[in-house]
Amino acid sequence: MKKTLVSALTTALVVGAASTTFAAANPFSDVPADHWAYDAVTQLAADGVIEGYGDTTFRGQQNITRYEMAQMIAKAMARTDVSASDKALIDKLAAEFSDELNNLGVRVSNLERNADNVKWNGQARYRYWSQRYEQKDGSTKKQNNDQLNFRLEPSAEVNQNWHVNARIDAFTDPSKDTDATVKLARVWAQGDYKNFQVKLGKLPFFSTETAGMLFDDQFSGAQVTFGKNLKATLEAGRWNLNSANKQSNLNHATGQMGDNAANYQGIALNGTAGKLYGGAAYRHFNSNVFKQTTGFEKNTDEANIWSVGAGYTFDKNWNLYGAYAKNEKAESDATAHNIQLNYKGAQKANKGSWGAYTAYRYMGQNVAFAPTYETFLSAGVNNVKGWEVGTEYVPFTNVTAAAYYFNGKKLDTDRDAELLFGRVNFWF
C-alpha cells in the first residue's frame, strides 16, 4: 500500500503539465529567499512588468547584482499600464534599491527612503509531524508532535554598502501549551560591493552546492564571497554541535562531552552556465566530540566533508537537481546523496500559485549534520534512505500551505521509517 501510494504520487508529478521552478533560485545577490522583494519581483515578472534580461529570462539559477535589478525597476517605474497592486510593489522595490536608482538618475524621495531605512519581515507558522518507525521487536512506534513558531527578521541600513540583519525566533508546543522559548538566532553585519560580499557575526550557514542537504543553520564567524558568474565563498568560525540532527550519533556525543561547538573552516565554489548550475565545497570541523561519536575513525577529532551538486533548468516549470557528499573521517553513515525533480513553484505573493516535487534521499547521519529538509527534523526519521514527495499551495496572498510525505528505511537497521509533515505559514 505504501509503495503504491509513493509510485502513484511520483508518476503524477513526472507526467504533470506545465509555470516557475519549485523552490526557485534567488534572483538577487544579497536578498534572502524569504525577503518580500523575492516574491515581489517574481509577481511583477509574472504580470509582464519586469522582463529580466534582454532575452526575457532571469538566466536560471544565476544571481544578479543590485545594479542590474535597479535597471529593471527603472523600466518598471516608467510604465503607466500597471495595476494598483503592481504599482505598490514597484514603489517598495524602488525604496529597497534607491541608491542604485539614484546612480542611474532615477530619483527616489528621501522621505520614502528614510521610512524604509529599517525593515521588518517575519512569519508565523504551524508545523506538524506524524511519524511511524519500526522497532527492534518488529512493532511500530508512532509519534506525533507539532510546533508554533513566530519569527522576526529586521534589516537596518548603515550606509550605501553596509547593513545589519538579524533573526529572532520564538517556539512553543501548542499540544502542551508551553511558554515560548525566545532566542536571537542570527545577527550579522553585511557589506556589499561589486562582485564582493562580506558577512560578520552569527550568520546563515547553508550548503548552497547541495541545496541545503548538509546544512541549513547558523554559525558564528565570517564569510567572504567574491566573483560574478563563478562565485567563491570562504567561511571560518564556530558551529554549535547541538544543532545536529536530534537523536543522531553526533548530537548524543555532544551531550556526553559537554563540548557544544566545533571550530569550522570551509570553501565553496558555485556557478552557472546557461541552464546548467552547480558547485562544490570542502568543510573542516574540529572538536573532541568526534572522538566519542559512533561511526567516526578511532581517536579522530575531525570531520572533513566534501560535496558536489548540479542542476538543470529545463524551462520555467521543470528543474532537476542532484547532490553527493562524503565525510572522509567517518567509517559508517558517511555519505549522503539526493536527487530531486521540481515542478512549478508556490510564490507567497501570488494567490493560487503552487509547486510540487519528488525526490530520493540517502541521508547518512555522520555527514548530513543539519539538513534543510523538514521531514528529517524528527527523532525517528534520521539516518535514512527513501522516497519523498511534497506539494505547496498559496490559498491566500502571503499564506502558504505545504504537505510532505517520506517513506523509506533506516540505514543502520534496514527497518521501516515513514513520516507525514504539514505546515502553514503566514508571512508579513
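For the structure, see preceding data.
Source: prediction; values computed, not measured.

Draft legend 1. The environment of D301, seen in detail. Secondary-structure assignment places D301 in the loop between β9 (276–286) and β10 (302–313). Expressed as a C-alpha distance, the spacing of D301 and N288, which sit 13 residues apart in the sequence, is 5.1 Å. For D301, the residues in contact, after removing those within four places along its chain, are F285, N286, S287, N288, F290 and K291. At 3.4 Å, the side chain of D301 forms a polar contact with the side chain of N286.

Draft legend 2. Spatial organisation of the environment of A401. Residue position: A401 is located in strand β15 (residues 399–410). Along the backbone, A401 and R423 are 22 residues apart, and their C-alpha atoms lie at a distance of 5.7 Å.

Draft legend 3. The arrangement of a nonpolar patch on the surface in detail. Nonpolar side chains collect at one region of the surface, where Y193, F196, F226, L234, I267, Y282, W306 and V308 lie side by side and expose about 690 Å² of accessible area between them. Of the residues examined, V308 reaches a relative accessible area of 35% and is grouped as partly exposed.

Draft legend 4. Molecular detail of helix α4 (residues 84–96). For α4, spanning 13 residues, the distance from its first C-alpha to its last is 19 Å, which sits close to the expected 18 Å at 1.5 Å a residue. Of all the positions in α4, only D86, L89, I90, L93, A94, A95 and E96 are classed as buried.

Draft legend 5. Spatial organisation of the pattern of salt bridges. One pass over the structure, following the stated rule, counts 11 salt bridges. Its salt-bridge partner being R167, residue D169 comes within 3.0 Å of it at the nearest N-O pair. Residue class for R167 comes out buried when judged on its relative accessible area of 11%. Among the salt bridges present, the one from K329 reaches E302, with a minimum N-O distance of 3.7 Å. On the criterion of sequence distance, the pair formed by K329 in the loop between β11 (318–327) and β12 (335–344) and E302 in strand β10 is long-range, its members being 27 residues apart. Judged by its relative accessible area of 22%, E302 is partly exposed.

Each value, and the rule that gives it
- Residue positions within a chain follow its written sequence, with the count starting from 1.
- Note on the predicted model: pLDDT of at least 70 is required for a residue's local features to be given, and 80 or more for side-chain atom pairs to be given and counted; whole-chain, interface and lining totals, by contrast, use all residues.
- In computing side-chain values, all of the structure's heavy atoms are included and hydrogens and water are not.
- Strands are runs of DSSP state E lasting at least 2 residues, helices are runs of H or I lasting at least 4, and numbering of each runs from the N terminus.
- Any two residues whose heavy atoms approach within 4.5 Å at even a single point are treated as in contact.
- Any pair of N or O atoms that falls within 3.5 Å is considered a polar contact. Within protein, one atom must be able to donate a hydrogen and the other to accept it, and sequence-neighbouring residues count only if both atoms are side-chain atoms.
- Like-charged residues are merged into a patch within 9 Å and nonpolar side chains (Val, Leu, Ile, Met, Phe, Trp, Tyr) within 5 Å, provided each residue has over 30% relative accessible area and no salt bridge.
- We get accessible surface area from the Shrake-Rupley algorithm with a probe of 1.4 Å; when it comes to residues, only the shown protein chains can shield them.
- The rule for a salt bridge is simple: a side-chain nitrogen of Lys or Arg has to be within 4 Å of a carboxyl oxygen of Asp or Glu.
- A 1.4 Å probe rolled over the protein chains alone gives each residue an accessible area, and that area as a share of the maximum for its type sets the label: buried under 20%, exposed over 50%, partly exposed in between.
- Multiplying 1.5 Å by the residue count of a helix minus one yields the expected span of that helix.

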